[in-house]
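This is what each chain is made of:
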Amino acid sequence: MFEVHFLEQHCKGCGMCVAFCPRKIIEMAEHTNDQGYNPAMVTDVSRCTGCAICAMMCPHVIIEVVEGGAA
Amino acid sequence: MPKGYQRPSTLVERPWHFCPGCNHGIVHRLVAEVIDEMGLQKETVGVGSVGCGVFSYEYFNFDGIGPSHGRAPAVATGVKRVLPDRLVFTYQGDGDLAAIGTTEMVHCAVRGELISIIFINNTLYGMTGGQMAPTTMMGQVTTTTPRGRGQAQGHPFRVCEMLATAEGAAYVARTAVYSPAQVVRTKKAIRRAFETQMAGLGFSLVEVLSACPTNWGMNPLEALKFVEEEMTPVFPLGELKVPEGVK
């Protein structure tokens, strides 16, 4: 079980994490952050395998993937 | 394969000035990760550049210097000669390194200075609004070549191939960050460059082909595709020179 943390206020909505997530569980939110971008968010965290490809491709280093939570 | 990901402690947590989808951020992160892994955060001096990489000293959690335009390799040479046990590297774009800073970069490599250069090649001047750089490809439209770069402007400049001919250059590699696999290769190349320096084997340079979605007029994913399909045939990826000690 993994948790994916986004630094939402630093996100610039480029969509690289959405495109590269192998499970396709990341989407852009409908609301905007303080910078005016639609931030990325995880839709179904239970399907996350912790591969961290989203964090690897994020150009703004806003994603952290940590192991935790009840399985 | 290790799971999960945590932000490297060498990166300061603050919002960046880079445009959405800019590849500078990925390279900044890889440099920080390598420095974390090598345990050199307190032993590193970074030398910035003029251009989009200008604020690198604001984002890295180690000592940094902002030199004048293109002169980063000369400043880094001075720092390394005074403090030979430190990791000294420059972080430069193509407008800085391949245009105004050509002299400093070439002679630094020829002298075999024990510094590393991280060279971001996005084929144009990003910060000033997308003008043609020496690395702009033939036919590529920029704000100063509205009909595409032609014979009148000459052919693009391949930095790695030229520096690989210098005996002083020990490690020369060209990588990209358009896919997760390429990001892993780039990180390995940056690590090898830093190891080359710390082992005293000679000058090292890693050129990273980088997307500039804003000035190319593309969305971030189209820009990554452009790097893969249009840039890599002109700037072939790979390690041009690897010293025996770091293989």
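Residues numbered from 1 in each chain as written. Chains lettered and ligands numbered in written order. Predicted model: local features only at pLDDT ≥ 70, side-chain atom pairs only at ≥ 80, totals over all residues. Heavy atoms only, no water.

### Quick notes on the overall build of chain A
The test is simple: Each helix is a run of DSSP H or I of at least 4 residues and each strand a run of E of at least 2, with the numbering of both proceeding from the N terminus. Only C-alpha atoms enter the radius of gyration; for comparison, a globular chain is expected to reach 2.2 Å times N to the power 0.38, where N is the number of residues. In this scheme, a residue with accessible area under 20% of its type's maximum is buried, one over 50% is exposed, and one in between is partly exposed, where area comes from a 1.4 Å probe on protein chains only. Between two residues, a contact is recorded if the distance between any of their heavy atoms is within 4.5 Å. Computed with the Shrake-Rupley method and a 1.4 Å probe, the accessible areas treat only the protein chains shown as cover for residues.
Along the backbone of chain A there are two helices and four strands. Since a compact globule built from 71 residues should have a radius of gyration of about 11 Å, the 11 Å found for chain A is in line with a globular shape. Dimensions along the principal axes, computed over C-alpha positions, put chain A at roughly 35 × 20 × 20 Å. Every one of the 71 residues in chain A was classed for burial, and the buried ones make up 46%. In chain A, 61% of the contacts between residues at least 6 apart in sequence involve partners at least 24 apart. Here chain A has roughly 3400 Å² of accessible surface; of this, 50% comes from carbon and sulfur atoms.

### Comments concerning the pattern of salt bridges
Residue and element names in this part refer to chain B. Short version of the rule: The term salt bridge refers to a side-chain nitrogen of Lys or Arg lying within 4 Å of a carboxyl oxygen of Asp or Glu.
Scanning the entire structure with this criterion turns up 14 salt bridges over all chains. For Arg-86, the salt bridge identified is with Glu-43, shortest N-O distance 3.8 Å. One end of the pair, Arg-86, is in the loop between helix 3 (72–82) and strand 3 (87–93); the other, Glu-43, is in the loop between helix 1 (24–38) and strand 1 (44–47), and 43 residues separate them in sequence. One network of salt bridges, in which partners are shared, links Arg-29, Glu-33, Glu-37, Lys-187, Arg-191 and Glu-195.

### What about the confidence of the model for chain B?
To keep things clear, this is the line we draw: Each residue gets a pLDDT score, which is the predictor's confidence in that residue and runs from 0 to 100.
Model confidence for chain B is summarised by a mean pLDDT of 95, while 99% of its residues fall at 70 or above. Predicted complex, confidence summary: ipTM 0.93, pTM 0.95.

### Here's the deal with the pairing of strand 3 of chain B
Residues and elements named next belong to chain B. We count it as follows: Strands were regarded as paired on the criterion that DSSP finds at least two bridges between them.
Within strand 3, seven of the seven residues are buried, which leaves it mostly tucked inside the rest of the structure. Burial along strand 3 is two-sided: the face carrying Leu-87, Phe-89, Tyr-91 and Gly-93 and the face carrying Val-88, Thr-90 and Gln-92 are both buried. With five bridges joining them, strand 3 and strand 4 (residues 116–121) adopt parallel strand pairing. Paired with Phe-89 across the two strands is Ser-116, which belongs to strand 4.

### With respect to the sheet that holds strand 2 (residues 63–65) of chain B
Backbone-to-backbone hydrogen bonds join strands into a sheet, with any given pair of strands oriented parallel or antiparallel. All names here are of chain B. Our working definition: Here an axis means a line fitted to C-alpha atoms, over the contact stretch when the element is a helix, while the angle between two N-to-C directions is reported on a 0 to 180 degree scale.
The strand order across the open sheet built from seven strands is 2-1-3-4-8-7-9, with neighbouring strands paired in mixed fashion. Strand pairing shows two members of the sheet lacking a second neighbour, strand 2 and strand 9 (238–241), which therefore form its edges. When strand polarity is set aside, the average angle formed by the axes of neighbouring strands in this sheet is 20°. In this sheet, strand 8 (residues 203–209) lies alongside strand 7 (residues 169–176) in parallel orientation, the contact comprising seven bridges. Among the inter-strand pairings, Val-172 is bridged to a residue of strand 8, identified as Leu-205.

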